[in-house]
Amino acid sequence: MTCRSTPAVIPPLVLDFLERARQILILTHNNPDGDALGSARALALTLAASGRRADLALTGTWTQALSFLLADLSVIDFPDDFSAYDLVTLLDCHSLGRLEKIGLQTFSADSSLVVIDHHPLKEAEKTGAAWFLDPTASSTGEMVWRLLSAMNLNRPLAAEEALLLAMASDTGFFSQNNTTTTTFKAAADLVERGVSLEAVHRHLRGNWPLKYFKLMGRTLDSLKLYCGNRLAVMTVTPDDLRAVGAVMADTENLVEIGRGLAGVTLSVLVKDNGLGGIRVSLRSREPVNAANLAALFGGGGHRQASAYNDSQAATVEEAVDNLLARVDNFL
Ligand SMILES: [Mn+2]
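Residues numbered from 1 in each chain as written. Predicted model: local features only at pLDDT ≥ 70, side-chain atom pairs only at ≥ 80, totals over all residues.

Next up on the list: the pairing of strand β10 (residues 278-284). For β10, the buried fraction is high: seven of the seven residues fall into the buried class. Sheet topology places strand β9 (residues 266-272) next to β10; seven bridges connect them, and they run antiparallel. Among the inter-strand pairings, Leu-269 is bridged to a residue of β10, identified as Ser-281. Two successive antiparallel strands, β9 and β10, enclose a turn made up of five residues, where Gly-274 displays a positive phi of approximately 80 degrees. Pairing analysis gives five bridges linking β10 to strand β12 (residues 305-309), with the strands arranged antiparallel. From the neighbouring strand, Ser-281 faces β12, where its bridge partner is Ala-307. (Buried ≥ 20, exposed ≤ 12 C-beta atoms within 10 Å, placed from the backbone. Helix = DSSP H or I, 4+ residues; strand = E, 2+ residues; numbered from the N terminus. Pairing = 2+ DSSP bridges.)

Once that is clear, we can look at the packing of helix α4 (residues 157-170) against helix α5 (residues 181-192). For the pair α4 and α5, the least separation of the axes is 10 Å and the interaxial angle reads 150 degrees. Considering the angle they form, α4 stands roughly antiparallel to α5. Seen along the crossing, α4 lies across α5 with a hand that is left-handed. Contact residues: α4 offers Glu-160, Leu-163, Leu-164 and Met-167, while α5 offers Thr-183, Ala-186, Ala-187 and Leu-190. Along the lines of polarity and charge, the residues of the contact of α4 with α5 split into six nonpolar, one polar and one charged. (Axes fitted to C-alpha atoms, helices over the stretch in contact; angles between N-to-C directions. Parallel < 35°, antiparallel > 145°, perpendicular 65-115°, else oblique. Left-handed = near helix turned anticlockwise from the far one by under 90°. Contact = placed C-beta atoms within 7 Å. Nonpolar A, V, L, I, M, F, W, Y, C, P; charged D, E, K, R; others polar.)

With domains assigned, the protein is organised as domain 1 (12-205) and domain 2 (210-330). Summarising the inter-unit geometry, the C-alpha centres of domain 1 and domain 2 are found 27 Å apart. On the side of domain 2, nine residues touch domain 1, which itself brings nine residues to the contact. Across the side of domain 1 that touches domain 2, the residue classes tally to one nonpolar, seven polar and one charged. (Domains from an automatic or database assignment.)

Pairing is mixed across the open sheet formed by six strands, whose spatial order is β7-β8-β9-β10-β12-β11. Each end of this open sheet is capped by a strand with a single partner; those strands are β7 (224-226) and β11 (300-301). Relative to β12, β11 runs antiparallel, the two being bridged by two bridges. What sits directly across from Gly-301, in β12, is Ser-306. Across the sheet, helix α11 (residues 316-326) lies against β7, β8 (231-236), β9 and β10, angled at about 150 degrees from β9, the strand it touches most.

The terminal C-alpha atoms of helix α7 (residues 210-221) lie 17 Å apart, and with twelve residues this matches the ideal 16 Å at 1.5 Å per residue to within 8%. Residues Tyr-212, Leu-215 and Thr-219 constitute the buried set of α7. All buried residues of α7 fall inside an arc of 65 degrees around its axis, so they share one side. Away from its buried face by more than 90 degrees, α7 exposes Leu-210, Phe-213, Gly-217, Leu-220 and Asp-221. Buried-residue contacts for α7 involve β8, α8 (238-244) and α9 (256-259). (Expected span 1.5 Å × (residues − 1). Arc of directions from axis to C-beta.)

Among the nonpolar cores identified, the biggest contains 54 residues, and Ile-26, Val-114, Val-144, Leu-163 and Leu-164 are the most heavily contacted of them. Among all residues touching Val-114, those that are not within four sequence positions of it are Val-14, Phe-17, Leu-18, Leu-87, Thr-89, Ala-129, Ala-130 and Phe-132. Grouped together as the second largest cluster of nonpolar side chains are 35 residues, Leu-241, Val-288, Ala-305 and Ala-307 included. (Core = buried A, V, L, I, M, F, W, Y, C linked by C-beta atoms within 7 Å.)

Quick look at the sheet that holds strand β4 (residues 87-91) now. Across the sheet, six strands lie side by side as β3-β2-β1-β4-β5-β6; this open sheet has parallel pairing. Strands at the two margins of the open sheet, each flanked by one partner only, are β3 (74-76) and β6 (130-133). With direction set aside, neighbouring strand axes in the sheet form an average angle of 25 degrees. Bridge count between strand β1 (residues 23-28) and β4: five bridges; the pairing is parallel. Paired with Leu-25 across the two strands is Val-88, which belongs to β4. Strand contacts of helix α2 (residues 34-49): β1, β2 (53-57) and β4, with the helix running at about 175 degrees to β1, the strand carrying the most contacts. Lying over the sheet, helix α3 (residues 140-151) contacts β4, β5 (113-117) and β6, oriented at roughly 125 degrees with respect to β5.

Let us now look at unusual backbone geometry. Geometrically, the link from Glu-286 to Pro-287 is a cis peptide bond, its omega value of 5 degrees lying close to zero. Take Pro-287: it is sitting in the loop between β10 and α10 (290-296). Despite not being glycine, Cys-227 shows a phi value in the positive range, around 55 degrees. Along the polypeptide, Cys-227 turns up in the loop between β7 and β8. We classify Cys-227 as partly exposed; it has 16 C-beta atoms within 10 Å.

Relative to the helices and strands, Gly-300 is located in strand β11. On the basis of neighbour count, Gly-300 is assigned to the partly exposed category, with 19 C-beta atoms found within 10 Å. Spatially, the C-alpha atom of Gly-300 lies 8.5 Å from that of Ala-290, the residues being ten residues apart in sequence. Sequence-distant contacts of Gly-300, that is, excluding residues within four places in its chain, are made with His-119, Ala-291, Ala-294, Ala-295 and Ser-306.

Below is the structure:
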């Protein structure tokens, strides 16, 4: 697997939309992560600094540690219609399922919708919008860096920092093989412009509330090994969350723990939100393809980081059984 990348060409239509727009609404996926919030922040701050109105509307919850990314932004309630805007941009997301309140069909062919995403897309889903898609990009942050660089806009330092955070967030701090030469070029540019890598690391890895570590303890207690110790499975239940006063957003990154174990090539975190949904997060090491495994259950993501909802399971135990029944071919 090569990490030397040939990034996708930025479609002129996407640049054209962004250059002409004056009132922009920025959307991203439900329960936004560091890449989603960092990319949205960078785009919003940069567009606002160039005299545009840039609003951000979010759905779901996110970890408190990332809330600082919303400072100085215009964050609005999710609007009923988009007529106040001449452009809507959808970041880090192209699927209807992940953005629960909005259907892309809302946008007719003449609506101005720009989708910027690094997740692989089924061609059939592509409709009624200008698309900038690059599955070779580490993160949406990297793509927004390319876009804003091409537009030659002045980026405030806080936007530069948000871009580096977005990339660090989706690459496991530049350790996964989605980290390419383009990622490092972008990172080098951002550091050259004054972003502190240490500050980004502190935001992402040194800013957890105590309940996170308490939840980590309970999650570690649940760890079981299978398949000749190559598969690590951990669980989080509503009881675990209640016991330490945590919310589902606090489970972000816990799946990484299992991947640190010697010999483990697939780490799985099975989460019960207590509302009838079982979410399964996967992190792999080469040669395990976690995206293909997630796809078996109707999910998706990247080769080394993916997820799915197990609609057949009512409990974490059932979801673990379902996984164990199908995982053999992937390890
Ligand atoms: Mn992403």
